[in-house]
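Spelled out from the first residue to the last, the chains are:
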Amino acid sequence: MNRFNQLLTLRIDPTRKKAFTYLGKTYQGAEGDTVASALYANGVRIFARSLKYHRPRGLYSLDGECSNTCMEVDGIPNVRAENTLLKNGMAVKAQNVKGTPEKDLLGFMDKMSWAMPAGFYYNTMHKPAMIWPIALKQIRKVAGLGKLAPDFAMTGKYDEIFPTADVCVIGGGPAGMSAALSAAENGLRVIILEARPWLGGFFEYRVAEYQNEVPLYQRARDLAKQVADTPDIRTFTHTAMVGAYSNNLITAFQIGGANDSFDQRYIEIRAQSVVVATGCIERPLLFDNNEKPGVMQIGCAHRLARTYGLLAGEKAVFSIGHDLGLEAAIDLFDLGLKISCVADIREDGQDPGLVEIMQRKKIPLLRGWVATEAHGKKTLNKVTLSTLQGTRDKEFSCDLLVASAGMTPVTGPLTLAQAKLAFDNHTGFFLPTQLPVKMHAAGRMSGLNDALAIEASGRCAGLQAAADCGASVDANLDEARTSLESRPGPVKGSKMVTAPVKGDKTFICFDEDTTVKNIKQAIEKGFDVTELIKRFTSAGTGPGQGGIPGHNLPLFVAQYNADPDVSAKPTTIRPPLVPTFIATYAGANHDMCKRTPLHALQKKAGGVFRRVGVWNRARYFSQDFTCRDEIDNVRNNVGLFDASTLGKFKIWGPDALKALQRVYVSDMSKISDGKIKYSAMCNEDACLIDDGVVIKRGKNDYYFTTSTARAGATVEWIRYHTRYDGWNYSMVNLTDAFGVINLAGPDARKVLAEITDADVSNDAFPYTGYREFKIKNTIPVRAMRLGFVGELSYELHAPSSYMPALWEILEDAGSEFNIRNFGLEAQNVLRMERCHVIIGAESEQRTTLHDVGLGFLWDRTKTDAKTVGAFALKQTEKQAGRLKLVGFKTEDSDARAPRDGSIIVDTKIRGYVCIARHSHTLDEVIGLALVDESLAKIGTKLEIYEDECGDKRLYAVVAPTPFYDPEAKRLKM
Amino acid sequence: MENIKRVSPVVFKARPVKTEIRDNWAVTLEYDAEGPGPYLIDLSHRTRWDVQDGNLDEITPWEVAIPETPGKSIMEKGFLINRMNRTQASVWHLTGEQPDAPDGPAYTETTDATMFVALIGRKTYAIAEKLTSLDLANPAQKTPFLLQGPIAHVPCQVVTLAQSGEHCDILFTCSRGYAQSMVGAILEAGEEFGLRPAGEAAFSKI
């Protein structure tokens, strides 16, 4: 196909070829082509088949407003070929076809449309209910928009940026650029988002005069240069705005160019003020076969020629409702398109200048006429026109029908920002009745058509936005308003929706194959609200996000219902406004996780790491995931465990004790010097949320630990529960400041004694004791005698930067005692043998202090501090029907351990297994479970049901706890 | 003890060419092939304190007045002091010899609680905006100023030390445990701008 290569408006470089493949053949496009324009240039007219009826679909809008040109590009389905710039080597495939787009084996579906009225699957496939799952699979096989393998991995680089702006302008047309320039003149930082790869909007391709013989496209380029030369304006082209959220948070995504480091990037802009200058799209004209390849919108045909150098056909008919149609007809005629006729919906009101030119060029103009049917087997070959009343008709042979009912504003950004729209009788647009705070609309979207008025409205909006940011703009704003008022205002718009046809094959939504007949069927079934009709017929629920039916659907419903006020509202739209890859939203997707100070050493020692909350922790130190050797070594020698993830806090000040009393259930005034105090925190419902130890380091100075999971919430928790008291205390989160090593096992004391001069004998440093001393006279440690794993053990808290050194010192000193690492899984088994609970493992949201047997911690006598949860503790202490924590052993000691989380059943669910393991120490399967109180008695048989176990059950018996060292002698040795 | 060293949470995949031991810290002064910048510099060995008191205005760390307004910072006598809120400030020691620990219950040393890095040189704002929505180059703010918020989704204290055009010097701290993830994210974000690790000497030049 020959292309224009000398037009000044071109955005392609025909001298620079790009090769791509389609249907197994290699084609050539030009640099600057989209995939769609390149295919069109190579004679492709049918790009895809429609969702339901497999009707041929072709180029229609050029801006991706419907799924007509959704194709598979480089393995990625549903790529909008109209918006995708051609790259060398691209592999393009048609989708939703069995065969080829030209010969689709499922093309017969079009003849079955009579069997598929609106909501047919609701009527035929839901009763009996068993039909639906079967039918669903078959429907999905036939319909759909591309296929993606479950293991498909996106290639490419997906990035993200979070820029800040004073003013964000959505739309880089003349109004948007004018707004941006006005705001930037006031010293503000401005961002422009433009969906196309260049600025200019609807000036950009037009040769009509702007002013003083300067064509519109030249004006667009002049404005774009001004923008580029303004340092405070940052322009993102090929960037689709997709979301608007509270406080002017605007989201968008940008498609990367040849020189960008990304393929796509997500953009999140926080702006003080927003200008929406997104212009208009064309409102489709509804007539029979209105989506047949060969039928396209005015802008599509015009831009195809002016931007991409392609005449869309040889012989054309126009059926339009706006002066842009007349202008396009004249321009395309001048470029060589034969025009049989221009049918204008409007009986009057055309621009006399354009009419005069048409007369001069002998382009026939039929006022008050409209296309009623597009003919042709697969592509267009003939058009029927008729009067608006359908009283007379004419037929014209042609291969191009340029059709448009009028304009409709792109109000998506406003709607996302919660602007309410109402029908405007003059423009025929749905316009905002009130704009959100610090959001302004400008340009064509308000109905303006005059070039200077559009720019003036942009300037007004830009200055209003500047005022939002605190700039003093009064004088300039008055001037801009005067300038705007001196120009023509919004033009009267066409309200025609559908030609005088029955509507059997008149498509109101291309994406979902929804016809006018379908809408009528829905209305006749009693659906009178557009939003419900949309749901019932699927109109506007496809990838085009309602771009095609968005305006016509409510208008048609209003007209069909003879609603004189057109009170129907446009249907809801939601982000993303434009289909966006999940990969783009994921962005760089940095895996932000925490490492303990001992991470590298544990990795070197063969640690197998697992993600636990925000932390990466060593779970095992061998491939034996039962951890038998690790456990045995702790029970018989001595082990090292990295407990650095524990929450650690300093709280001090005159009222620090009061704060502790408020959140801990125990009487914290009873903390003895040199001793630790174990206690727990509950929420207001008496449910257990945390446990840990508290140490008094000095007057009004405490150090306490929390569980790993609660560390991030502890400061806020304490502040929240003391917020009205005006207490004077301070807190610092030291979780990362200190690492923690648990030195545990019968030889732990011997190891510790080798590396410190402090007296660590049982008398000097007894169980539950707390000491501060130095290791090797250098490393300061805070040492606690605890026994979480059921052995003599020391928890050594040391500054994180010293932790690797401390670990190596301990390993060195412990080598003669066979010291070795143990990981999280070994710790889990060791502590379970002693029945020491982990909050979150042996408790859940409903579990109270008493349920897990920790009721002894609660001091009910401390009334002055209003302990959080104390009131509820009184209520739940003896409450019947609660789940209680019990220990259990399987009946058969050779049985395998039930899986964590398995449920305990009889005729009903009676509880669940919190943890169960085979204990090497005890050589039996033991576990902890939360069970119905009625099953909590020692000796009760528990029936355990595991996922997909069928009729097989595991059985266990409630057993006395602790399982290991019940007299706690080993802790105190 | 001679062999006991303090270890920074930040590890760069670059070869140190000039190092020194300072207060048990192994400090890298220069890495191989640092290039022209921008630079990412580990300052985690630099001592930092949290200052908290109901009467913060009466506290003058090393005789420097804490800024009155939250979000304001002051650089004086080698200390960068950042007012965080009504009762809290952070103090980062940036230049000079290791100072003595201050007296008083208001101070808590937090050197080991956080990682501390500097992002300096050209295009640093372009790098930073790939990681955070914080307005680090806000022309309305007088440098140095403090922002508290997420970088790469991790809560941070960020101070813009200086800015001029596309040149911006940023210091920030976050929980020590995130150090390697954070450094990885920053270096990846800065790859297209030539960001490289640099030793402390590069920071001393600014």
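Residues numbered from 1 in each chain as written. Chains lettered and ligands numbered in written order. Predicted model: local features only at pLDDT ≥ 70, side-chain atom pairs only at ≥ 80, totals over all residues.

**Examining the overall build of chain A**
Thought 1: Check the secondary structure of chain A and you find 23 helices and 50 strands.
Thought 2: In terms of principal-axis extent, the alpha carbons of chain A reach across some 115 × 70 × 55 Å.
Thought 3: Out of the 973 residues in chain A, the part that is buried amounts to 54%.
Thought 4: In chain A, the share of contacts with a sequence separation of at least 24, taken over all contacts with a separation of at least 6, comes to 66%. (Helix = DSSP H or I, 4+ residues; strand = E, 2+ residues; numbered from the N terminus. Buried ≥ 20, exposed ≤ 12 C-beta atoms within 10 Å, placed from the backbone. Contact = placed C-beta atoms within 7 Å.)

**Some thoughts on the overall build of chain B**
Thought 1: Along the backbone of chain B there are 3 helices and 13 strands.
Thought 2: For chain B, the C-alpha radius of gyration of 16 Å lies close to 17 Å, the compact-globule estimate for 206 residues.
Thought 3: Reported as C-alpha extents along the three principal axes, the dimensions of chain B are approximately 50 × 45 × 30 Å.
Thought 4: Looking at chain B as a whole, 49% of its 206 residues are labelled buried. (Rg over C-alpha atoms; globule rule 2.2 N^0.38 Å.)

**Some thoughts on the sheet that holds strand E8 (residues 107-109) of chain B**
Residue and element names in this part refer to chain B.
Thought 1: Strand order in the open sheet formed by 5 strands is E5-E6-E7-E4-E8, and the pairing between neighbours is antiparallel. Edge positions in the open sheet fall to strand E5 (73-76) and E8, since each of these has one partner strand only. Put simply, the sheet's adjacent strands are angled 20° from each other on average, direction ignored.
Thought 2: In this structure, strand E6 (residues 79-83) lies alongside strand E7 (residues 88-93), joined through 5 bridges in antiparallel fashion. Of the residues in E7, the one forming a bridge with Asn82 is Ser90. (Pairing = 2+ DSSP bridges. Axes fitted to C-alpha atoms, helices over the stretch in contact; angles between N-to-C directions.)

**Brief notes about the nonpolar core**
Residue and element names in this part refer to chain A.
Thought 1: Counting 114 residues, the largest nonpolar core has Ile651, Cys682, Leu743, Leu806, Leu810 and Ala929 as its most contacted members.
Thought 2: Per-element tally for this core: the top contributor is helix H21 (residues 803-814), with 7 residues.
Thought 3: When near neighbours in sequence (up to four residues on either side) are disregarded, Cys682 contacts Val665, Cys687, Leu688, Ile689, Leu849, Val868, Gly869 and Leu873.
Thought 4: Ile12, Met90, Met296 and Leu332 belong to the second-largest nonpolar core, a separate cluster that totals 94 residues. (Core = buried A, V, L, I, M, F, W, Y, C linked by C-beta atoms within 7 Å.)

**Considerations on helix H13 (residues 530-537) of chain A**
Thought 1: Restricting attention to buried positions, one finds in H13(A) the residues A:Thr530, A:Ile533, A:Lys534, A:Phe536 and A:Thr537.
Thought 2: Of the residues one or two after H13(A), A:Ser538 is the one with positive phi, at around 75°.

**Notes on the interface of chain B and chain A**
When the parts come together, some accessible area is lost, and that loss is often what is quoted as the size of the interface.
Thought 1: Listed as interface residues are 34 residues of chain B and, on the opposing side, 37 residues of chain A.
Thought 2: Across the side of chain B that touches chain A, the residue classes break down as 11 nonpolar, 13 polar and 10 charged. (Nonpolar A, V, L, I, M, F, W, Y, C, P; charged D, E, K, R; others polar.)

**Side note on helix H18 (residues 656-663) of chain A**
Because an α-helix completes one turn every 3.6 residues, residues spaced three or four positions apart along the sequence face the same direction.
All names here are of chain A.
Thought 1: The buried fraction of H18 amounts to 6 of the 8 residues, a majority that puts the element mostly inside the structure.
Thought 2: Among the residues of H18, those classed as buried are Ala656, Ala659, Leu660, Gln661, Arg662 and Val663.
Thought 3: Where H18 is buried, its residues contact strand E35 (647-652), strand E36 (676-682), strand E37 (688-698), strand E38 (701-706) and helix H19 (714-720).

**Observations regarding the pairing of strand E2 (residues 25-31) of chain B**
Thought 1: As defined by bridge partners, strand E1 (residues 16-22) of chain B adjoins E2(B) across 6 bridges and the pair is classed as antiparallel. The partner of B:Lys18 across the bridge, within E2(B), is B:Glu30.

**Digging into the sheet that holds strand E2 (residues 25-31) of chain A**
Residue and element names in this part refer to chain A.
Thought 1: Spatially, E2-E1-E7-E5-E6 is the arrangement adopted by the 5 strands of the open sheet, whose pairing is mixed. Two strands in the sheet have a free side with no partner beyond their single neighbour: E2 and strand E6 (76-80). Put simply, the sheet's adjacent strands are angled 45° from each other on average, direction ignored.
Thought 2: Across 3 bridges, the pairing between strand E1 (residues 13-22) and strand E7 (residues 90-93) is parallel. By the bridge assignment, Thr21 is partnered in E7 with Ala91.

**Observations concerning the packing of helix H4 (residues 174-184) of chain A against helix H5 (residues 216-228) of chain A**
Residue and element names in this part refer to chain A.
Thought 1: The contact between H4 and H5 brings their axes to 10 Å, and the two run at 30°. On the basis of the axis angle, H4 is roughly parallel to H5. Between H4 and H5 lies a crossing whose hand is left-handed. Here Pro174, Met177, Ala180 and Leu181 of H4 come into contact with H5, specifically with Ala220, Leu223, Ala224, Gln226 and Val227. (Parallel < 35°, antiparallel > 145°, perpendicular 65-115°, else oblique. Left-handed = near helix turned anticlockwise from the far one by under 90°.)

**Some remarks on the environment of A:Glu891**
All names here are of chain A.
Thought 1: Locating Glu891 in the fold gives a position in the loop between strand E45 (883-890) and strand E46 (903-905).
Thought 2: In this structure, the C-alpha to C-alpha distance between Glu891 and Leu854, residues 37 residues apart in sequence, is 27 Å.
Thought 3: When neighbours within four sequence positions are excluded, Glu891 is seen to be in contact with Tyr955, Ala956 and Val957.

**Notes on unusual backbone geometry**
Thought 1: Look at the link from A:Thr961 to A:Pro962: it is a cis peptide, with omega at -5°.
Thought 2: In this fold, A:Pro962 is placed in the segment after strand E50 (954-959).
Thought 3: Despite not being glycine, A:Lys362 shows a phi value in the positive range, around 60°.
Thought 4: Summarising the element assignment, A:Lys362 is placed in the loop between helix H8 (352-360) and strand E21 (365-367).
Thought 5: The exposed category is assigned to A:Lys362, around which 8 C-beta atoms lie within 10 Å.
Thought 6: The phi dihedral of B:Asp23 falls on the positive side, at around 50°, and the residue is not glycine.
Thought 7: By the element assignment, B:Asp23 lies in the loop between E1 and E2.

**Comments concerning the confidence of the model for chain B**
Thought 1: Summarising the model, chain B shows a mean pLDDT of 94, and 99% of its residues fall at 70 or more.
Thought 2: For this predicted complex, the interface confidence comes out at an ipTM of 0.97, alongside a pTM of 0.91. (pLDDT = per-residue confidence, 0-100.)

**Some remarks on the pairing of strand E4 (residues 48-52) of chain B**
Residue and element names in this part refer to chain B.
Thought 1: Buried residues dominate E4, accounting for 5 of its 5 residues.
Thought 2: Covered by surrounding structure in E4 are Arg48, Asp50 and Gln52 together with Trp49 and Val51, the residues of both alternating faces.
Thought 3: Of the strand pairs in this sheet, E4 and E7 are connected by 5 bridges, and their pairing is antiparallel. Bridging across to E7, Arg48 finds its partner in Trp92.
Thought 4: As paired elements, E4 and E8 share 3 bridges and run antiparallel to each other. Note on E8: the bridge partner recorded for Trp49 is Glu109.

**Things to note about the packing of H13(A) against helix H14 (residues 549-560) of chain A**
Residue and element names in this part refer to chain A.
Thought 1: Here H13 crosses H14 at 115°, and the two axes come no closer than 10 Å. The angle between H13 and H14 places the two elements in the roughly perpendicular class. Taken as a pair, H13 and H14 cross one another with a handedness that is right-handed. Between H13 and H14, the residues in contact are Thr530, Ile533 and Lys534 and Leu553, Pro554 and Val557, respectively.
Thought 2: Considered class by class, the residues forming the contact of H13 with H14 number 4 nonpolar, 1 polar and 1 charged.

**Observations concerning the environment of B:Met75**
Residues and elements named next belong to chain B.
Thought 1: Within the secondary structure layout, Met75 lies in strand E5.
Thought 2: The partly exposed category is assigned to Met75, around which 18 C-beta atoms lie within 10 Å.
Thought 3: On a C-alpha basis, the gap between Met75 and Gly177 in space is 27 Å, while along the polypeptide they are 102 residues apart.

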